Amino acid sequence: MSVPAAPAGYKSGFVAIVGRPNVGKSTLMNLLVGQKIAITSPVSQTTRNRLRGILTTDEAQIIFVDTPGIHKPHHQLGKVLVQNARTAIRSVDLVLFVVDGSVESGGGDRYIVEILSNTEVPVILGLNKLDEQPPDSVLIDRTYEQIVNPQWPVVKFSALTGEGVESLQKLLVEHLDVGPYYYPPDLVTDQPERFIMGELIREQILLQTREEVPHSVAIAIEVVEEEPKITRILASIHVERDSQKGILIGKSGTMLKAIGSAAREQIQKLIEGKVYLELFVKVQPKWRQSRTRLAELGYRVED
């Protein structure tokens, strides 16, 4: 992976996107890098692994670190996710704190402000969901102004429509230092294709089953065989209970077929080629509570 030398005065840096679950962090990163690399869903806690999205322009290279929604954890997986988010905050050049600007601030936002107040990394407050803000949004804005550091710059945008995102990008570049290309300019993520394939399958499970099989799901890509005209993928879906396996398979296998069909379409866009996808469901009791199982399925505490 050869990385060219950056021109004189070029800027670069790592930006952590943090916030409560479901405020639009992954949607924003996908929009900024111009390609779907992070999964999105109406279910909270979608992002699990620290995912890097890379935006390279003529003036800067911004490496976005999409973190799991910061919340008070209830199981071992939750503890790993929050610890990884905290680690991300300490290891970047800039933090973009994304909030849902269509509703007033809450306890979850204050919890994150407390964490960010104990870091020396510069913070920008991003009020997302500009498209959903009521005409008179002054009262909502004020609830955020009351809890954050008054020195944090504030920017409003909509990750869904793109409104205000250009201003956000400009603000981010302004806060970065002169630096090199960290990655080749044509790269949009540092994650291997297998990881993104698994995430695209998990996204369809979240979308198709909603609250029925919330976060007791992990994906393992077992086999990827690349043939001249087709890529064959074998993946296993790990759940914690037999009842969840039943929901995922569905009557006469209809649910698993629907998940597989929708995921296959997304993976075909990713690899720009034809895909044959085969899914199996395995029951792994209490995998979210086991450090060993978590590590086997790719969820490790990051340094």
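Before any of the text, the structure's been laid out above.
Rules and cut-offs
- Residues numbered from 1 in each chain as written.
- Predicted model: local features only at pLDDT ≥ 70, side-chain atom pairs only at ≥ 80, totals over all residues.
- Heavy atoms only, no water.
- Salt bridge = Lys/Arg side-chain N within 4 Å of Asp/Glu carboxyl O.
- Helix = DSSP H or I, 4+ residues; strand = E, 2+ residues; numbered from the N terminus.
- Buried < 20%, exposed > 50% of the residue type's maximum accessible area, 1.4 Å probe, protein only.
- Core = buried A, V, L, I, M, F, W, Y, C linked by side-chain atoms within 4.5 Å.
- Contact = heavy atoms within 4.5 Å.
- Pairing = 2+ DSSP bridges.
- Axes fitted to C-alpha atoms, helices over the stretch in contact; angles between N-to-C directions.
- Phe/Tyr/Trp six-rings, centres within 6.5 Å; stacked < 30°, edge-to-face > 60°.
- Lys NZ or Arg CZ within 6 Å of the ring centre and 35° of its normal.

Trainee: An account of the pattern of salt bridges is needed here, citing residue identities and associated values.
Mentor: Oppositely charged side chains may form a pair once their charged atoms are brought near each other. This structure, assessed with the given rule, holds six salt bridges. A salt bridge links Asp-109 to Arg-20, with the nearest nitrogen and oxygen atoms 3.0 Å apart. Highlighted residues: Asp-109 in helix H3 (residues 107-117) and Arg-20 in the loop between strand E1 (11-18) and helix H1 (25-33), separated in sequence by 89 residues. Each member of the pair, Asp-109 together with Arg-20, is buried. Two residues, Glu-199 and Arg-202, come together in a salt bridge whose shortest N-O distance is 3.0 Å. Linking Glu-199 with Arg-202, this pair stays in helix H6 (residues 193-209), spanning three residues, or about one helical turn. By the burial criterion, Glu-199 is buried, and Arg-202 matches it.

Trainee: Report on the nonpolar core, specifying residues and quantitative values.
Mentor: For soluble globular proteins, nonpolar side chains are generally found buried alongside one another. Ranked by size, the top nonpolar core spans 26 residues in total, and within it Val-18, Val-92, Val-95, Phe-97, Leu-116 and Trp-152 carry the most contacts. For this core, the secondary-structure elements that each account for two or more residues are E1, strand E3 (60-66), helix H2 (76-90), strand E4 (94-100), H3, strand E5 (123-128) and helix H4 (138-145). Sort the elements by how many residues they give to this core and H3 lands first, with five residues. Excluding its chain neighbours within four sequence positions, the residues that come into contact with Val-95 are Ala-16, Val-18, Ile-89, Leu-116, Val-121, Pro-122, Val-123 and Ile-124. The next biggest cluster of nonpolar side chains, apart from the first, holds 25 residues, and it includes Val-239, Leu-256, Ala-263 and Ile-267.

Trainee: So what's going on with the sheet that holds strand E7 (residues 218-226)? Which residues, and what values?
Mentor: Spatial strand order, E7-E8-E9: three strands in an open sheet with mixed pairing. At either margin of the open sheet sits one strand with a lone partner, and together these are E7 and strand E9 (275-283). Strand-to-strand twist across the sheet, computed as the mean angle between neighbouring axes with direction ignored, equals 15 degrees. As defined by bridge partners, E7 adjoins strand E8 (residues 231-239) across eight bridges and the pair is classed as antiparallel.

Trainee: Help me get a handle on the environment of Thr-87, residues and values and all.
Mentor: Its place among the elements puts Thr-87 in helix H2. Distance from Thr-87 to Thr-67, taken between C-alpha atoms, is 9.7 Å for residues 20 residues apart in sequence.

Trainee: Lay out the pairing of E1 in plain terms, naming residues and giving numbers.
Mentor: Counted residue by residue, E1 has seven buried out of eight residues, so it is predominantly covered. Of the strand pairs in this sheet, E1 and E3 are connected by seven bridges, and their pairing is parallel. Within the sheet, the bridge partner assigned to Ser-12 lies in E3 and is Gln-61. Note: E1 against E4, four bridges, orientation parallel. Directly across from Ala-16, in E4, lies its bridge partner Val-95.

Trainee: I'd love a proper account of the packing of aromatic side chains, names of residues and values included.
Mentor: Applying the stated criterion across every chain yields a total of three aromatic pairs. Here the aromatic rings of Phe-14 and Tyr-182 are separated by 5.0 Å at their centres, their planes lie at 65 degrees, and the arrangement is edge-to-face. Pair noted here: Phe-14 is in strand E1 and Tyr-182 is in the loop between helix H5 (165-174) and H6, with a separation of 168 residues, a long-range link. For the ring pair Phe-97 and Trp-152, a centre distance of 6.5 Å and an interplane angle of 90 degrees mean the geometry is edge-to-face. Remark: Trp-152 occurs in the loop between H4 and strand E6 (154-156) and Phe-97 occurs in strand E4; sequence separation between them is 55 residues. For Phe-97, a relative accessible area of 0% puts it in the buried group. Its relative accessible area of 11% is what places Trp-152 among the buried residues. The ring of Tyr-276 has Arg-232 sitting right over it, with the charged end atom 5.6 Å from the ring centre.

Trainee: Please set out the pairing of E8 residue by residue, giving values where relevant.
Mentor: Where burial is concerned, most of E8 is hidden: seven out of the nine residues are buried. Hairpin remark: E7 followed by E8, antiparallel, with four residues in the connecting loop. Judged from the nine bridges that link them, E8 and E9 form a sheet pairing that is parallel. Looking at E9, one finds that Ser-236 is bridged to Phe-280.

That's the geometry; what it means functionally is another story.
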